[in-house]
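A structural walkthrough
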Amino acid sequence: MLSESLFSLLTEDLLIRILQKLDSDRKSWRLVCKDFNRVESLTRKNIRILRVEFLIGLLQKYCNIEMLDFSMCPRIDDGAVSILLSHGSASWTRGVRKLVLSRTTGLGYFGLEKLVRACPLLEAVDVSHCWTYGDREADALSCAVGLRELNMDKCLGVSDIGLAKIAIRCSKLERLSLKWCLEVSDMGIDLLSKKCLDLKFLDVSYLKELSAPLINGLKNLKQLSIIRIEGVRVSDFILEIIGTNCKSLVELGLSKCIGVTNIGIMQLVFGSVNLKTLDLTCCRFITDAAISTIANSCPNLTCLKLESCDMVTEIGLYQLGSSCLLLEELDLTDCSGINDIALKYLSRCSELVRLKLGLCTNISDIGLVHIACNCQKLTELDLYRCVRIGDDGLAALSTGCNKLTMLNLSYCNRITDTGLKCIGYLVELSDLELRGLSNITSIGIKAVAVSCKRLADLDLKQCEKIDDSGFWALAYYSQNLRQINMSYCNVSDRVLCLLMGNLKRLQDAKLVHLDNVTVQGLELALRSCCGRIKKVKLQSSLRFSLSSEILETIHARGCKIRWD
């Protein structure tokens with residue numbers, strides 16, 4: 001009675017203000033009392049539909065929706081949309097500003113047009129991966145004349161004709177993604193650049209062709225700040241045109257482009273003082289000469305991706321460390337020219353937050369110490385298969401980079417339990433990959449479990465020396481775990497059941513080749529987490545060994561089984 005009288009003193013306005021302060025746990029809020037539930041219903045702006053049969057009830061309950069997400073409901077089709085829009089006054093559509101229809105391949109142009117026309121305030125639509133969509137569906141989308149954002153990635157049937165209808169009718173477009181729209185050519189992009197003059201973001205990655213006239217037309221787009229042309233053939237001349245005509249660029253994506261050379265990059269970045277993000281992933285002919293020009297021309301650079309650019313060495317990193325002091329993200333994955341000296345130069349970039357060094361086999365603890373001493377803002381560090389990294393490097397990280405939330409140490413086989421005890425000092429850690437570490441045992445895992453309370457994602461695949469005592473520690477101390485990979489580990493029936501039952505937030509588990517676990521033990525473990533877990537990976541040989549009853553129960557509770 002006391003709690004009810006206290007709640008009655010809270011006005012609706014005050015309850016709304018309190019609810020707005022909550023980060024994410026709206027479910028717990030609405031379970032408190034009827035008033036809390038009513039306020040949560042009134043203020044909810046976004047909703048994701050999982051099952052089409054619940055759709056009408058949900059939209060009646062949440063009447064102020066601005067974003068409607070059907071991406072997890074592939075069964076939505078024209079018939080379901082017709083029923084939905086004919087039910088009552090369909091007043092819920094009046095406030096909808098964004099529709100997420102990604103992968104809803106059952107929805108055709110008829111239902112799409114009806115849905116679009118029913119939402120007069122519609123500003124954003126995502127139909128990515130609707131691979132059957134073509135020009136008729138593009139015509140339906142063009143009915144949303146107030147559209148500002150449109151994602152049509154992998155709409156394989158859309159051609160210049162469909163794009164022309166969108167360009168003419170949706171002249172307010174600011175963001176457009178046409179990645180893998182293979183039927184779109186220069187003609188469609190040229191018309192787009194003449195009609196949609198407010199475009200700020202354009203993705204034309206993996207189109208069949210990319211000509212100089214097409215790029216030259218981009219000069220009309222004075223607001224264009226982000227362009228991605230990944231996976232296509234380019235030339236030095238095309239890159240020069242981009243540099244000349246797109247002076248407002250802050251982000252450019254050239255990942256996996258064929259024909260990127262030092263000369264092209266130099267011509268591109270000359271005068272591009274506004275450039276902040278540059279993606280040169282797999283541009284394998286880039287050398288230190290290009291990196292030096294980038295460093296000198298782009299002092300405001302915050303993100304640079306150089307994965308598989310293995311001709312980059314410490315010379316290029318010296319220039320980055322001298323000129324790009326605002327750098328926050330750097331991807332050097334599989335850059336074999338990177339060594340400890342390069343990391344010493346790079347450590348001058350003290351604003352680094354994300355650093356990827358996977359497959360850089362020439363770096364050691366010495367280089368990692370330089371990073372740890374000077375890059376204290378690091379939150380993500382990838383050291384995948386950096387085989388010369390050991391316990392001393394982790395000791396340096398534990399004192400210098402205590403803000404780390406993601407750390408990948410997979411296949412760094414010099415690491416032992418001593419190194420894992422150092423990881424225990426990284427109390428902010430939420431994502432830890434230790435796959436294939438043959439020298440760590442349950443002692444080290446217990447140290448991590450006891451200290452890293454925020455751990456949410458843990459990969460222990462092929463850590464064969466971790467036994468029941470290590471998994472017992474995880475079961476009791478790692479209550480925030482949401483994903484775990486324990487394939488090829490030595491765990492027993494009893495402890496697996498304990499682990500799966502105790503981890504109340506667990507949503508994804510990979511349980512392949514657990515040689516000490518029987519079929520009966522696995523079934524008990526699955527029952528202990530049934531209703532919470534969303535994904536589980538099992539070896540394919542168990543498909544006919546597990547009882548049909550447990551498989552049906554798991555499926556009915558919304559869990560997807562992946563067979564390996």
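Rules behind the numbers
- Residues numbered from 1 in each chain as written.
- Predicted model: local features only at pLDDT ≥ 70, side-chain atom pairs only at ≥ 80, totals over all residues.
- Heavy atoms only, no water.
- UniProt positions renumbered as here; feature names shortened; annotations may be inferred.
- Helix = DSSP H or I, 4+ residues; strand = E, 2+ residues; numbered from the N terminus.
- Buried < 20%, exposed > 50% of the residue type's maximum accessible area, 1.4 Å probe, protein only.
- Arc of directions from axis to C-beta.
- Contact = heavy atoms within 4.5 Å.
- Pairing = 2+ DSSP bridges.
- Right-handed = clockwise from strand over helix to strand, strands pointing away.
- Lys, Arg positive; Asp, Glu negative; His and termini not counted.
- Salt bridge = Lys/Arg side-chain N within 4 Å of Asp/Glu carboxyl O.
- Polar contact = N/O pair within 3.5 Å; in protein donor to acceptor, adjacent residues only side chain to side chain.
- Patch = residues over 30% accessible without salt bridge, like charges linked within 9 Å, V, L, I, M, F, W, Y side chains within 5 Å.
- Areas by Shrake-Rupley, 256 points an atom, 1.4 Å probe, with all protein chains shown as cover.
- Axes fitted to C-alpha atoms, helices over the stretch in contact; angles between N-to-C directions.
- Parallel < 35°, antiparallel > 145°, perpendicular 65-115°, else oblique.
- Nonpolar A, V, L, I, M, F, W, Y, C, P; charged D, E, K, R; others polar.

A few words on the UniProt feature "domain: F-box/LRR-repeat protein 15-like leucin rich repeat" (unreviewed entry) in the chain. Annotation from UniProt places "domain: F-box/LRR-repeat protein 15-like leucin rich repeat" (unreviewed entry) at residues 329–496. Secondary structure within residues 329–496 divides into 35% helix and 12% strand; the distance between the first and last C-alpha atoms comes to 38 Å.

This paragraph deals with helix α10 (residues 186–195). Buried residues of α10: D186, G188, I189, L192 and S193, and no others. Seen along its axis, α10 keeps its buried residues to an arc of 165°; they face one direction. Of the surrounding secondary structure, the elements contacted by the buried residues of α10 are α9 (160–169), β6 (175–177), β7 (201–203) and α11 (212–216).

Moving on, we come to unusual backbone geometry. Positive phi is not limited to glycine here, since C282 has a value of about 65°. For C282, the location among the structural elements is in the loop between β10 (277–279) and α14 (288–297). Positioned with a positive phi, R385 is a non-glycine residue whose angle comes to about 55°. Inspection of the secondary structure assignment puts R385 in the loop between β14 (380–382) and α18 (391–400).

A separate point is the pairing of strand β21 (residues 560–563). Within a regular strand, side chains alternate between the sheet's two faces. Pairing of strand β20 (residues 535–538) with β21 involves four bridges; the strand directions are parallel. In the strand pairing of β21, V536 is matched with I561. After leaving β20, the chain enters helix α24 (residues 548–556) and then returns to the sheet as β21, a path that is right-handed.

Mapping D126 onto the fold places it in strand β4 (residues 124–126). The side chain of D126 is buried and forms no salt bridge, while K98, the nearest opposite charge, is found at 6.4 Å. Beyond its immediate chain neighbours, meaning those up to four positions away, D126 contacts L99, V100, L101, S102 and N151.

Here the focus is the environment of S350. You can see S350 is positioned in the loop between α16 (340–346) and β13 (354–356). It is 8.1 Å that separates the C-alpha atoms of S350 and L327, two residues lying 23 residues apart in sequence. Dropping the residues within four chain positions of it, S350 is found in contact with N374, C375 and K377.

Attention now moves to the side chain of T287. Turning to its location among the elements, T287 is positioned in the loop between β10 and α14. For T287, a relative accessible area of 17% corresponds to the buried category. At 2.6 Å, the side chain of T287 forms a polar contact with the side chain of N262. Look past the residues within four positions of T287 in its chain and what remains in contact with it is N262 and M311.

A cluster of nonpolar side chains, namely W131, L156 and W180, defines an oily patch on the protein surface of about 320 Å² accessible area. Here W131 lies in the loop between β4 and α8 (135–141).

What follows concerns the packing of helix α13 (residues 262–269) against α14. Contact geometry for α13 and α14: axes closest at 9 Å, N-to-C directions at 5°. Comparing their axes, α14 and α13 come out roughly parallel. On α14, the residues that touch N262, I265, M266 and V269 of α13 are A289, A290, T293, I294 and S297. The residue inventory of the contact of α13 with α14, partitioned by class, reads six nonpolar, three polar and no charged.

This paragraph deals with the pairing of β20. Side chains V536 and L538 project from β20 onto a buried face, and the interleaved K535 and K537 project onto a face without burial. The pairing of strand β19 (residues 508–510) with β20 spans three bridges and is parallel. Looking at β20, one finds that K510 is bridged to K537. Running through helix α23 (residues 519–529), the crossover from β19 to the neighbouring parallel element β20 is right-handed.

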